[in-house]
Amino acid sequence: MTEKPLRIVMVRHGESQWNHGKLFCGWYNCPLTKTGENEARQAGKALKEKGIEVDAAFSSLLLRANQTCDLILEELGVKEDVEVKRSWRLNERHYGDLTGQNKVVAVAKYGADQVKLWRRSYDVAPPPISQSNPYYTQIQQNKVFVDVPKEEFPTSESLKMTTDRSWPAIKSGKTVLLAAHGNLLRGLIKNIDNVSEEDIINLNLPTGIPFIYEFDKDMKPTKSLEFISDEKIVKTGLEKVKDQTTKTYVR
Ligand SMILES: O=C(O)[C@H](O)COP(=O)(O)O
């Protein structure tokens, strides 16, 4: 029988180029910014300071999460020892036809309530990506996704769809590092902590700050969403996520 994880150190990838540009990213494969790389290194250092050793690591097929995972393992000094299991099931939610659009511009075009519904609701998916979307071909034909079963390759996903396909990818280990994506992790948190559909709307996650979940033998959480960072840094990180749909158009 598969041994269940006792502790999962989750981390949303560090700031990506498209986070910086406030663009809907989803399955588009963009790298971290220098700030994002620093956030990932800082995350690794924070875990090391806490004496947290990981013995298994999971990530998506997307560069921004992979880079974050590698930098954390490097800071922990275990990059050569811990194999990273990568799965499309841990990819960010597919943002459909919003992919590539600026979030501030989207609010002006569709209204704040509609954009919030797409970004934060549990079961509303954005409109499917159309062939005229400038990123359609890059995503659909990205060789990195060659093993995604055709019938499961999404064209857009709600948080629920994302969560349903993600959970089976996290299998065993004692302390598992999961370097993934904002919405993927929001969905897992909803499932683990039984967060209601109303409350999940208000849950944001900062980039590059690790947080811990611990489980008993029945996989009931004994520790939830404990950030490894000081409160002020977490608060600033959360403000940055909220600012994605407001303020300046930075591209
Ligand atoms: O795919 C994206 O654009 C980001 O990873 C998450 O963006 P969000 O905070 O708008 O959901």
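Heads up: these notes are all about the structure in this document.

What counts and what doesn't
- Residues numbered from 1 in each chain as written.
- Predicted model: local features only at pLDDT ≥ 70, side-chain atom pairs only at ≥ 80, totals over all residues.
- Heavy atoms only, no water.
- Salt bridge = Lys/Arg side-chain N within 4 Å of Asp/Glu carboxyl O.
- Buried < 20%, exposed > 50% of the residue type's maximum accessible area, 1.4 Å probe, protein only.
- Near = heavy atom within 4 Å.
- Polar contact = N/O pair within 3.5 Å; in protein donor to acceptor, adjacent residues only side chain to side chain.
- Areas by Shrake-Rupley, 256 points an atom, 1.4 Å probe, with all protein chains shown as cover.
- Nonpolar A, V, L, I, M, F, W, Y, C, P; charged D, E, K, R; others polar.
- Helix = DSSP H or I, 4+ residues; strand = E, 2+ residues; numbered from the N terminus.
- Expected span 1.5 Å × (residues − 1).
- Contact = heavy atoms within 4.5 Å.

What follows covers the pattern of salt bridges. In this structure the tally under the stated criterion is 12 salt bridges. Between glutamate 157 and arginine 165 there is a salt bridge, and its shortest N-O distance comes to 2.6 Å. With a relative accessible area of 4%, glutamate 157 lands in the buried category. Here arginine 165 falls in the buried class, since its relative accessible area comes to 6%. Salt bridges linked by common partners bring Arg7, Glu214, Lys223 and Glu226 together as one network.

The immediate surroundings of the ligand are formed by Arg12, Leu23, Phe24, Cys25, Gly26, Glu92, Tyr95, Lys103, Arg119, Arg120 and Asn183. In this structure, an oxygen atom belonging to the ligand sits 2.7 Å away from a main-chain N or O atom of glycine 26. Here an oxygen atom of the ligand sits 2.7 Å away from a polar atom, N or O, in the side chain of arginine 120. Out of a free accessible area of 320 Å², the ligand has 98% covered by protein chains. Its residues placed into classes, the shell around the ligand shows four nonpolar, two polar and five charged.

Between its first and last C-alpha, helix α3 (residues 63-76) extends 20 Å over 14 residues, near the 20 Å set by a 1.5 Å rise per residue. A large share of α3 lies buried, amounting to 10 of its 14 residues. Of the positions making up α3, those classed as buried are Arg64, Ala65, Asn66, Thr68, Cys69, Leu71, Ile72, Leu73, Glu75 and Leu76. As for α3, its buried residues are in contact with β1 (7-12), α2 (34-49), β2 (56-59), β3 (84-86) and β4 (175-180). Once α3 ends, the next one or two residues include glycine 77, with phi positive near 75°.

By themselves these figures say nothing about function.
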